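Listed below are the residues making up each chain.
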Amino acid sequence: MATIEEQIKAIQAEIDKTQKNKATEHHVGRLKAKIAKLKIAREKTLAHAKASGGGKGFEVKKSGDATVALVGFPSVGKSTLINQVTDAKSETAGYAFTTLTCIPGVMEHRGAKIQILDLPGLIKGASEGKGRGREILNVVRSSDMVLYIVDPFQDAHFRVLHKELELAGMRLNQGKPPVFITRTERGGIDVRSTVEQTRLSNPEISDIIREFGYTSAVVTLRVDVSAEQIVDILAGNRIYSKAVIALNKIDIATEEEIVRAEKVLPDGWPLMRISAFKGTGLEELKDFIYDNLGFMRVYLKPQGQEADLVEPLIVKDTSTVSEVCYSLHRDFVRKFRFARVKGPSAKFDWQRVGLEHQLKDGDLLTIITKKS
Ligand SMILES: Nc1nc2c(ncn2[C@@H]2O[C@H](COP(=O)(O)OP(=O)(O)OP(=O)(O)O)[C@@H](O)[C@H]2O)c(=O)[nH]1
Ligand SMILES: [Mg+2]
């Protein structure tokens, strides 16, 4: 019996030798679904091995309003940067693998405390565990944003890095596709789409889903899906986070070298040029990080007291009342009765709202809890 690893390799080899086009997308989709399923099984075995005394993960205590992971090849200047923008002291040196573990630092900016994580350099094969790749990628997966550090003299490396993050289940700068799969008791696989499906036919979509062990399910689609997107939904462990790029070492690169390096980076991704060593562009980088984290300020007004207009609560700009309650204390959710809101998200001053109410930047919020 072939090991999980061998099975994955064999299927991957078949994918690699298949020419990719519309006619083969369905076939490739099924193969990818098989791989995704095997990988989930493999993760489970690994998690088990870890629990019984295998390799240890990096211990990082999350702190602050958000966590940003520094991702780059060795020696691109990650540690030099974290030392400049946070309170961390991480060793730097001109040789690869100077940093061997995860070093956290805090950057305070515009009232927000942003935790930045320095990490060992990532290398090809990281998603399979090379160079403590799994530990590094686990930290990256649990962060709120990826800050890629790119060195203009190693431009081809960005694609290699990005591929490793993709293999580790990260889908950067893209939303979770609106595909909903609900298992049902009987009736086979029922595909319902609100848009015309041009890439895959309904039977092809059903086939991929069946590959994951479903016999009956209702599938609702709101986009023209690719096989890859369906597999992502089936796998269920994909991380859809934000990523930005800092092109470092511009102090020693010519304009021509910088432009050439930027050409191989993905179009439309937030990008900044910096020199961590010289300190060039670092104030702008702080704004850049803050802006891309998508924060908003919520001012709390405890019942019967004045609102605190000096120290707002910094939360994600997608936060609902429920998420704000959680960030304050779990008890606020348990004892929650209702909340009152004044400001941009309120229809009128001190509107009464529930946990699911979507807040906006600058809102004033009062939470009313049960007595006991
Ligand atoms: N000229 C120049 N050198 C830099 C810059 N940033 C970092 N360096 C140098 O690059 C080398 C590597 O820097 P580190 O900060 O240790 O790089 P790292 O990415 O943390 O490397 P690993 O921990 O090995 O993954 C050091 O010699 C730094 O002084 C920069 O902006 N300009
Ligand atoms: Mg380092």
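Residues numbered from 1 in each chain as written. Chains lettered and ligands numbered in written order. Predicted model: local features only at pLDDT ≥ 70, side-chain atom pairs only at ≥ 80, totals over all residues. Heavy atoms only, no water.

Caption draft 1: Inspection of the overall build of the chain at higher detail. Secondary structure summary: the chain contains 11 helices and 14 strands in total. Expressed as lengths along the three principal axes of its C-alpha atoms, the size of the chain is roughly 65 × 60 × 45 Å. Out of the 372 residues in the chain, the part that is buried amounts to 45%. The long-range fraction of contacts in the chain, counting pairs at least 24 apart against all pairs at least 6 apart in sequence, stands at 67%. Carbon and sulfur atoms make up 51% of the accessible area of the chain, which amounts to about 19500 Å² in all. Each charge class in the chain can be summarised by its mean position, and for the 56 positive and 48 negative side chains these summaries are 6 Å apart. (Helix = DSSP H or I, 4+ residues; strand = E, 2+ residues; numbered from the N terminus. Buried < 20%, exposed > 50% of the residue type's maximum accessible area, 1.4 Å probe, protein only. Contact = heavy atoms within 4.5 Å. Areas by Shrake-Rupley, 256 points an atom, 1.4 Å probe, with all protein chains shown as cover. Lys, Arg positive; Asp, Glu negative; His and termini not counted. Charge placed at Lys NZ, Arg CZ, Asp CG, Glu CD.)

Caption draft 2: Structural detail: the environment of Ser 206. Residue position: Ser 206 is located in helix α6 (residues 202-211). Its relative accessible area of 6% is what places Ser 206 among the buried residues. In this structure the C-alpha to C-alpha distance between Ser 206 and Val 218, which are 12 residues apart in sequence, comes to 9.9 Å. Not counting chain neighbours up to four residues away, the residues in contact with Ser 206 comprise Ile 189 and Val 191.

Caption draft 3: Looking closely at the site of ligand 1. As a structural note, the neighbourhood of ligand 1 is formed by 23 residues, with Lys 78, Ser 79, Thr 80, Thr 99 and Asp 251 the closest of them. Between an oxygen atom of ligand 1 and a side-chain N or O atom of Ser 79, the distance comes to 2.8 Å. One of the backbone N or O atoms of Thr 98 is found 2.9 Å from an oxygen atom in ligand 1. Along the lines of polarity and charge, the residues of the shell around ligand 1 split into nine nonpolar, 11 polar and three charged. (Near = heavy atom within 4 Å. Polar contact = N/O pair within 3.5 Å; in protein donor to acceptor, adjacent residues only side chain to side chain. Nonpolar A, V, L, I, M, F, W, Y, C, P; charged D, E, K, R; others polar.)

Caption draft 4: Molecular detail of the packing of α6 against helix α7 (residues 227-235). Two elements in contact, α6 and α7, have axes separated by 10 Å at closest approach and are oriented at 35°. Between α6 and α7 the crossing geometry is right-handed. Contacts between α6 and α7 involve Ile 205, Ile 208 and Ile 209 from the first element and Ala 227, Ile 230, Val 231 and Leu 234 from the second. A class-by-class count of the residues in the contact of α6 with α7 yields seven nonpolar, no polar and no charged. (Axes fitted to C-alpha atoms, helices over the stretch in contact; angles between N-to-C directions. Left-handed = near helix turned anticlockwise from the far one by under 90°.)

Caption draft 5: Seen up close, the coordination of the magnesium ion (ligand 2). Around the magnesium ion (ligand 2), the protein contributes the donor atoms Ser 79 (OG) and Thr 99 (OG1), which lie 2.0 to 2.1 Å from the metal centre. With a gap of 20 residues between them, Ser 79 in helix α3 (residues 78-85) and Thr 99 in the loop between α3 and β2 (103-109) connect regions that are remote in the sequence. For the pair shown, Ser 79 and Thr 99 are each scored as buried. (Donors = N, O, S within 2.8 Å, 3.2 Å for Na, K, Ca; no water.)

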